[in-house]
Amino acid sequence: MQEVTVTEREPKLCIALSGEIDSGNADEFYEEVMSNYRVKPSDVTFDCTALQFIDSTTLGTFVKILKHVRTDGFRLKLVNLQPRLKKLFVICALDSVMEIS
């Protein structure tokens, strides 16, 4: 189960993620993020403090979101990733294409 909570819209879109995002709910995650992004496109920051689990499908979903955000001239950032989740982004070299702190 995953939860996507918008915590801020101005000047950037801040989204707090919690729970698990995997192949079973990645499409729902994508649609929820993009529906919020389309309201007012801007930089997007994901607060991953409470995010417990992701899989390879989720990594692909983040890349898909990144492509939309970059095409519009904005930035995507992931903050407060747990070390074991951050390691997945590093192993897949995604830390070189998106901001992770």
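What comes next concerns the included structure. For clarity, every value in this text was computed on a predicted model and none was experimentally measured. Along each chain, the written sequence defines residue order, and numbers are assigned to residues from 1. Local features in this predicted model are restricted to residues of pLDDT 70 or higher, and side-chain atom pairs are both shown and tallied only at a pLDDT of 80 or more, whereas totals for entire chains, interfaces and linings draw on every residue. Computation of side-chain values: all heavy atoms of the structure, hydrogens and water removed.

**What to know about the overall build of the protein**
Working step 1: Along the protein, the regular secondary structure elements total three helices and five strands.
Working step 2: Strands are runs of DSSP state E lasting at least two residues, helices are runs of H or I lasting at least four, and both sets are numbered from the N terminus onward. When the helices and strands of the protein are listed from N to C terminus, the series reads β-β-α-β-α-β-α-β.
Working step 3: In terms of overall size, the protein behaves like a compact globule, its C-alpha atoms giving a radius of gyration of 12 Å where 101 residues would be expected to give roughly 13 Å.
Working step 4: If you line up the protein on its principal axes, its C-alpha atoms span 30 × 30 × 20 Å.
Working step 5: Burial status follows relative accessibility: with a 1.4 Å probe on protein chains alone, a residue under 20% of its type maximum counts as buried, one over 50% as exposed, and anything between as partly exposed. Here the protein holds 101 residues, and the buried ones make up 40% of them. Our radius of gyration is a C-alpha quantity, and the globule rule it is checked against amounts to 2.2 Å times the number of residues to the power 0.38.

**Let's talk about the pairing of strand E2 (residues 13-21)**
Working step 1: Strands are labelled as partners when DSSP assigns at least two bridges between them. Here eight bridges tie E2 to strand E3 (residues 44-54), and the two strands are oriented parallel to one another. The residue bridging Glu 20 from the neighbouring strand is Phe 53, located in E3.
Working step 2: The crossover handedness rule: strands pointing away from the viewer, path from first strand over the helix to second strand clockwise, crossover right-handed. Taken together, E2, helix H1 (residues 26-39) and E3 form a β-α-β motif whose crossover is right-handed.

**Remarks on the packing of H1 against helix H2 (residues 56-71)**
Working step 1: Where helices are involved, their axes are fitted lines through C-alpha atoms of the stretch in contact, as for all axes, and angles between N-to-C directions lie from 0 to 180°. It is at 10 Å that the axes of H1 and H2 come closest, and there the two elements cross at 20 degrees. Compared by their axis directions, H1 and H2 come out roughly parallel. Crossing handedness for the pair H1 and H2: right-handed. Where H1 abuts H2, its residues Ala 26, Phe 29, Tyr 30, Val 33, Met 34 and Tyr 37 lie against Thr 57, Thr 61, Phe 62, Lys 64, Ile 65, His 68 and Val 69.
Working step 2: Residue classes follow a fixed rule: Ala, Val, Leu, Ile, Met, Phe, Trp, Tyr, Cys and Pro count as nonpolar, while Asp, Glu, Lys and Arg count as charged, and any other residue, Gly among them, counts as polar. Counted by class, the contact of H1 with H2 contains nine nonpolar, three polar and one charged residues. Roughly parallel means an angle under 35 degrees; roughly antiparallel, over 145; roughly perpendicular, 65 to 115; everything else is oblique. Note on convention: the crossing is left-handed when the near helix lies turned anticlockwise from the far helix by less than a right angle, right-handed when the turn is clockwise. Here, residues are in contact when the closest pair of their heavy atoms is within 4.5 Å.

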